[in-house]
Amino acid sequence: MFLSNTTDHYRQALDQRDVEMLDSAAARQVEHYLSFRDNHCETPLWSLPGLAAELGVASIHIKDEGHRLGLGSFKALGGAYAVIRLVLEEAERRFGRALGMANFQSPEVRAVAETMTVACATDGNHGRSVAQGAALVGARAAIFVHSGVSDERIAAISRFGAEIIRVQATYDDSVKEAARVAEANGWTIVSDTSWPGYERIPGLVMQGYTALVSEALRQMPEVPTHVFIQSGVGGIAATVAGHLAIEFGNARPIFTVVDPERAACLLETARTGTPVVIAHGLPTIMAMLECYEPSLVAWRVLSRVADGFMTVDEADAVYVMNRLANPVCGDPAIVAGESGGVGLAGLLKAVADPSIKAALSLDRHSRIFLVNTEGATDPGKYEEIVGLAPSDVAAKNAAGDHL
């Protein structure tokens, strides 16, 4: 399904709060923070000329976040950044003086962090980032996981010393439970979704994601004409769309949000023009995107600068995982988890449908930008779907199979 953006806010100026959250100055601040992370390096931007020729577009570039900060997901940029910002702010309040990112692992900041507990709900990746951020500064982390989070993803969170609190319900239910328990215990919620009265911290999480966009713009030979980004609550889509809109104004790329068909909260929100909670149905294989209520901050951005909203189904997600693992015409092999390649799935569907292709003005001159939002964050599940271990897929590039 595809919907053009016909909401009342479409093409209106971004809220000034969102400009300050997502502009180039914010991205520079995040990159400054990353310069103090021991295992930081820019993630690769892959060119897929073989696939571009097959689809009849000028170029396809995909930012591969499967390598980010040892966590295998773009989420590594958001939760940890927000935790460290919040700890530094609390230390500044207590000490009455400014502290920079260079101080985030100092003994005095650590003494403050040890008095703090951060909490969040997660499908897996955001909780891992929050837990890692807490471990870096010495804070306690309590991570709420719903019944759909795999044991392998829970183990990946636990290795940072976080307390795991299980909620036998959906992601959205775990968000509510995390907020309730945190308020009762005086903990700080570091959520990647927002609701009325709770916007600043999710904004910091989204701000962390700006680094991947600024990196990609430096790495690309030309500015893209089209962007397809997958969405759960909307944070990554809003960050990419908002940053590009701020950078390029009316010359920004045409932007499409891609939802799982079974959890299309943003498409349905676009249909009604206001945030809606959709009914829970069958679970989707795109587990990191299985969200039934959009983030208010993300929607505030997307309602203005997203041009279209579309859905892909379960088979589309599986197909694109295999397609990226087994490329054609010399393209590199890419390890994309169940949710990682959903933007590409949207592109494939758009190119194959004349009405969507026309609505988005896709043609042989189009330059496409995508983000592989996660690698094999559940390696066992990945191998079950693709038939190869993640290491075997990655080894294709080392062996020169893509040349």
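Structure's up top.
Scope of this entry: the structure provided in the associated data block. (Residues numbered from 1 in each chain as written. Predicted model: local features only at pLDDT ≥ 70, side-chain atom pairs only at ≥ 80, totals over all residues. Heavy atoms only, no water.)

On to the overall build of the protein chain, then. From N to C terminus, the protein chain includes 17 helices and 11 strands. The C-alpha radius of gyration of the protein chain comes to 20 Å, within 12% of the 22 Å expected for a compact globule of 403 residues. Once the C-alpha set of the protein chain is aligned to its principal axes, its extents read approximately 60 × 50 × 40 Å. By residue count, 61% of the 403 residues in the protein chain fall in the buried class. The contacts in the protein chain between residues at least 6 apart in sequence include a share of 74% that link residues at least 24 apart. When the accessible surface of the protein chain is totalled, it reaches about 14,800 Å², and 52% of it is carbon and sulfur. In the protein chain, which carries 33 positive and 48 negative side-chain charges, the distance between the mean positions of the two groups comes to 4 Å. (Helix = DSSP H or I, 4+ residues; strand = E, 2+ residues; numbered from the N terminus. Rg over C-alpha atoms; globule rule 2.2 N^0.38 Å. Buried < 20%, exposed > 50% of the residue type's maximum accessible area, 1.4 Å probe, protein only. Contact = heavy atoms within 4.5 Å. Areas by Shrake-Rupley, 256 points an atom, 1.4 Å probe, with all protein chains shown as cover. Lys, Arg positive; Asp, Glu negative; His and termini not counted. Charge placed at Lys NZ, Arg CZ, Asp CG, Glu CD.)

The next thing to look at is the nonpolar core. Counting 96 residues, the largest nonpolar core has F144, V190, V240, F255 and L302 as its most contacted members. Setting aside its immediate chain neighbours within four residues, F255 contacts V227, I229, A237, V240, A241, L302, V305, A306, D307 and G308. The next biggest cluster of nonpolar side chains, apart from the first, holds 31 residues, and it includes L48, V258, A336 and A345. (Core = buried A, V, L, I, M, F, W, Y, C linked by side-chain atoms within 4.5 Å.)

Where the residue is not glycine, phi is negative for most of them; where a peptide bond is considered, it is trans in most cases. One non-glycine residue, R11, adopts positive backbone phi at about 70°. Inspection of the secondary structure puts R11 in the loop between β1 (2-4) and α1 (16-22).

The subject of this paragraph is the environment of S150. With respect to the helices, strands and loops of the structure, S150 is situated in the loop between β5 (140-146) and α7 (151-158). Along the backbone, S150 and A121 are 29 residues apart, and their C-alpha atoms lie at a distance of 14 Å. At 2.8 Å, the side chain of S150 and the side chain of D378 are in polar contact. (Polar contact = N/O pair within 3.5 Å; in protein donor to acceptor, adjacent residues only side chain to side chain.)

Under the definition given, this model contains 5 aromatic pairs. Judged by centre distance (4.4 Å) and plane angle (20°), the ring pair of W195 and Y198 falls under stacked. Exposure remark for W195: the relative accessible area of 25% places this residue in the partly exposed category. (Phe/Tyr/Trp six-rings, centres within 6.5 Å; stacked < 30°, edge-to-face > 60°.)

For the rest of this paragraph, the subject is the pairing of β5. In terms of burial, β5 is largely enclosed, as 6 of its 7 residues are buried. Running through helix α6 (residues 125-137), the crossover from strand β4 (residues 117-122) to the neighbouring parallel element β5 is right-handed. Pairing of β5 with strand β6 (residues 163-167), which is carried by 5 bridges, proceeds in the parallel orientation. Considered in β6, the bridge of H146 is made with V167. The handedness of the β5 to β6 crossover, carried by α7, is right-handed. (Right-handed = clockwise from strand over helix to strand, strands pointing away. Pairing = 2+ DSSP bridges.)

So, on to the sheet that holds strand β10 (residues 308-312). If you trace the 7 strands from one edge of the open sheet to the other, you get β1-β10-β9-β8-β11-β3-β2, paired in mixed fashion. Because the sheet does not close on itself, it has two edges, and the strands there are β1 and β2 (45-47). Between one strand axis and the next, the sheet turns by 20° as a mean value, whatever way the strands run. Of the strand pairs in this sheet, β1 and β10 are connected by 3 bridges, and their pairing is antiparallel. Across the sheet, residue F2 finds its bridge partner in β10, namely M310. Along the sheet face, helix α11 (residues 265-272) touches β1, β9 (254-260) and β10 and points at about 140° away from the line of β10. (Axes fitted to C-alpha atoms, helices over the stretch in contact; angles between N-to-C directions.)

Within strand β8 (residues 226-230), 5 of the 5 residues are buried, which leaves it mostly tucked inside the rest of the structure. Of the pairings in the sheet, the one linking β8 to β9 comprises 5 bridges and is parallel in character. Residue pairing in the sheet places V227 in a bridge with F255 of β9.

Attention now moves to the pattern of salt bridges. Once the charged atoms of two side chains with opposite charge are near each other, the side chains can pair. For the coordinates displayed, the defined rule picks out 28 salt bridges. Here D18 and R300 are joined by a salt bridge, their closest N and O atoms 2.7 Å apart. Taken together, the positions of D18 in helix α1 and R300 in helix α12 (residues 296-305) put the pair 282 residues apart, joining distant regions of the chain. Just as D18 is buried, R300 falls in that class too. E54 serves as the salt-bridge partner of R323, at 2.6 Å between the closest nitrogen and oxygen. Here R323, found in helix α13 (residues 314-325), pairs with E54, found in helix α3 (residues 49-55); they are 269 residues apart in sequence, far enough to count as distant. Note on E54: relative accessible area 48%, which makes it partly exposed. Through salt bridges with shared partners, a single ionic network connects D15, R17, D18, E199 and R300. (Salt bridge = Lys/Arg side-chain N within 4 Å of Asp/Glu carboxyl O.)

Let's shift gears to the sheet that holds strand β7 (residues 188-189). The strand order β6-β5-β4-β7 describes an open sheet built from 4 strands, whose pairing is parallel. Looking at the sheet topology across the chains shown, the edges are occupied by β6 and β7. Here 2 bridges tie β4 to β7, and the two strands are oriented parallel to one another. Bridging across to β7, A119 finds its partner in I189. Sheet strands touched by α6: β4 and β5. Its angle to β4, the strand with the most contacts, is close to 165°.

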